[in-house]
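Residues per chain are reported as follows:
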Amino acid sequence: MPFRSESKMKILTFLILCFASVALAEDFKAIDGKEYKSVKVSRVEPDGIVLKSKSGIAKVYFTELPKEVQEHFHYDATNAAAYSTEQAASQVAFQTQQTELQRKLAEEKNRYWIGQAPAKNQQDKAAAPTAVVASRGQEVEVISHGAAVDITKHLALGSVTVVDFYADWCGPCKQLSPSLEQMARTDPEVALRKIDIVNWKTPVVRQYNIHSVPQVNIYNRTGRLIGTVVGTDVGDIKRYVAQAKTGG
């Protein structure tokens, strides 16, 4: 345990030192040439920086940034590795807890259907993936809260499926969400599936290589990916939806 305590102290010291380094607005260029223009550093973590812009929120890892940027934010590979290990362990514990909860809920529902016990509706609604049937359109469903998920199993074949990667702490995501839900409510040809990434370390983030939210994927009636929109441009999303309706 002394090692873990020492690691936590180093991480805490790192965060305190970096607090003053958070800028109001900066430009960053990654090693691979990708540019982040006029972004704010909303948070500095031992393994990377979280950037906020008008179009969304993205995390860029220090290993993707030039050495001078690493030095500016006091990047330390040892601290970063310890931080990543702790984050991974926390995520594993969370996923284990969620899996056990889902197992118990499944057992409870099974008992209900065979007449052994009543289902606890309120608990089911709180723990199970959110599903709302729109008045005119398709079902709006949250298909993951950080866990890995096979999107193809949740596509509304025969209709256009819009998949929204979001997070509760993401302001631009909250700005975009009502427009997507309105689209699903009013258009019977459009189904909305939502994926809560929870944080940047979850399995679904690694599975789909998510670096910025909101991210919206649009699939046509046969399940083929037609386009991806990173940010809050509803116009681009609607253009892809129109294209997906005609087959892409």
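Residues numbered from 1 in each chain as written. Predicted model: local features only at pLDDT ≥ 70, side-chain atom pairs only at ≥ 80, totals over all residues. Heavy atoms only, no water.

**Notes on the overall build of the chain**
Under the convention used in this document: Working definition: helices are DSSP H or I runs of at least four residues, strands are E runs of at least two. Numbering for both runs from the N terminus. Burial here depends on accessible area, computed with a 1.4 Å probe over protein chains only, as a share of the maximum for the residue type. Under 20% is buried, over 50% is exposed, and the range in between is partly exposed. Contacts are assigned to residue pairs that have any heavy atoms within 4.5 Å of one another. For accessible areas, the Shrake-Rupley method is used with a probe of radius 1.4 Å. Any residue's cover is judged against the shown protein chains and nothing else.
Across its full length, the chain carries 7 helices and 11 strands. Here the chain holds 248 residues, and 41% of them are scored as buried. Residue pairs in contact within the chain that sit at least 24 positions apart in sequence constitute 61% of those at least 6 positions apart. Approximately 13,800 Å² of the chain is accessible, and the part contributed by carbon and sulfur atoms is 55%.

**So, the state of the cysteines**
Selection criterion: Only a pair of cysteine sulfur atoms within 2.5 Å counts as a disulfide in this structure description.
If you walk through the whole model with that rule in mind, you get 1 disulfide. Across the disulfide, Cys170 is cross-linked to Cys173 (sulfur-sulfur distance 2.5 Å). Taking the sign of the torsion about the S-S bond as the criterion, the disulfide between Cys170 and Cys173, at about 80°, is right-handed.

**Considering helix H7 (residues 234–245)**
Convention followed: For a helix, the expected span equals 1.5 Å multiplied by the residue count minus one. In the analysis that follows, any N or O atom pair within 3.5 Å is treated as a polar contact, provided that within protein one partner can donate a hydrogen and the other can accept it, and provided that, for residues neighboring in sequence, both atoms belong to side chains.
Over its 12 residues, H7 extends 16 Å from the first C-alpha to the last, a length consistent with the 16 Å expected when each residue adds 1.5 Å. At its buried positions, H7 is contacted by strand E7 (160–166), helix H5 (171–186), strand E8 (190–196), strand E10 (215–219) and strand E11 (225–230). Looking at where H7 begins, the residue whose side-chain oxygen comes 3.0 Å from the main-chain nitrogen of Gly235 is Asp233. Downstream of H7 by a residue or two, Gly247 has a phi angle that is positive, lying close to 105°.

**Digging into the confidence of the model for the chain**
Close inspection of predicted coordinates is inappropriate in any region flagged by low pLDDT. Threshold: Confidence of the predictor at the level of single residues is captured by pLDDT, which takes values from 0 to 100.
Looking at the chain, pLDDT values average 80 and 72% of them are 70 or higher. Confidence, expressed as mean pLDDT per element, reaches its minimum in the chain at helix H4 (residues 121–127) with 43 and its maximum at E10 with 97. Note on residues 19–23: pLDDT under 50 across the span, and 8 contacts to partners over four residues away in sequence or across chains. Here residues 118–135 is modelled with pLDDT under 50, and outside its nearest four sequence neighbours on either side it reaches 29 contacts, counting other chains as well.

**Some points on the pairing of E11**
Going by this rule: Paired strands, as defined in this entry, are two strands with at least two bridges between them according to DSSP.
Of the strand pairs in this sheet, E10 and E11 are connected by 5 bridges, and their pairing is antiparallel. Its bridge partner lying in E11, Val216 is registered against Val229. With antiparallel pairing between neighbouring strands as the criterion, E10 and E11 make up a hairpin whose turn holds 5 residues, including Gly223 at a positive phi of roughly 95°.

**Describing the pattern of salt bridges**
Charged atoms that come close allow side chains of opposite charge to pair. For clarity, the cut-off: What makes a salt bridge here is a side-chain nitrogen of Lys or Arg within 4 Å of a carboxyl oxygen of Asp or Glu, nothing more.
One pass over the structure, following the stated rule, counts 9 salt bridges. Between Asp236 and Arg239 there is a salt bridge, with its nearest N and O atoms 2.3 Å apart. In this pair, Asp236 and Arg239 are both assigned in helix H7, 3 residues apart and thus about one turn of the helix distant. With relative accessibility at 52%, the residue Arg239 sits in the exposed group.

**A short note on the side chain of Lys194**
Within the secondary structure, Lys194 sits in strand E8. On the basis of relative accessible area, Lys194 is assigned to the buried category, the value being 6%. Only 3.2 Å separates the side chain of Lys194 from the side chain of Ser177, close enough to count as a polar contact. Apart from residues lying up to four places away in sequence, Lys194 is in contact with Val140, Glu141, Val142, Ile143, Ser144, Asp164, Tyr166, Ser177 and Glu181.

**Quick word on the environment of Glu45**
With respect to the element layout, Glu45 can be found in strand E2 (residues 35–45). Linking Glu45 and Phe62, residues 17 residues apart in sequence, is a C-alpha distance of 9.5 Å. There is a polar contact of 2.4 Å between the side chain of Glu45 and the side chain of Lys59.

**Things to note about the nonpolar core**
Formally: Residues belong to a common nonpolar core when they are buried Ala, Val, Leu, Ile, Met, Phe, Trp, Tyr or Cys residues joined through side-chain atoms within 4.5 Å.
In terms of nonpolar packing, the biggest core is built from 22 residues, with Ile151, Phe165, Ile195, Ile197, Trp200 and Val213 touching the most fellow members. Of all the secondary structure elements, the ones that give two or more residues to this core are strand E4 (56–61), strand E6 (139–145), E7 and helix H6 (203–207). Take this core: its biggest share by element is 3 residues, from E7. With residues near it in sequence (within four places) discarded, Trp200 still touches Arg43, Val50, Ile57, Ala58, Lys59, Tyr61, Trp169, Val205, Ile210, His211, Ser212 and Val213.

**Observations regarding the packing of aromatic side chains**
Our working definition: Think of it this way: a Phe, Tyr or Trp ring, Trp meaning its six-membered ring, pairs with another when their centres are within 6.5 Å, and the plane angle makes it stacked under 30 degrees, edge-to-face over 60, tilted otherwise.
A complete count under the given rule lists 5 aromatic pairs for this structure. An aromatic cluster is present here, built from Phe28, Phe62, Phe73 and Tyr75 joined pairwise through their rings.

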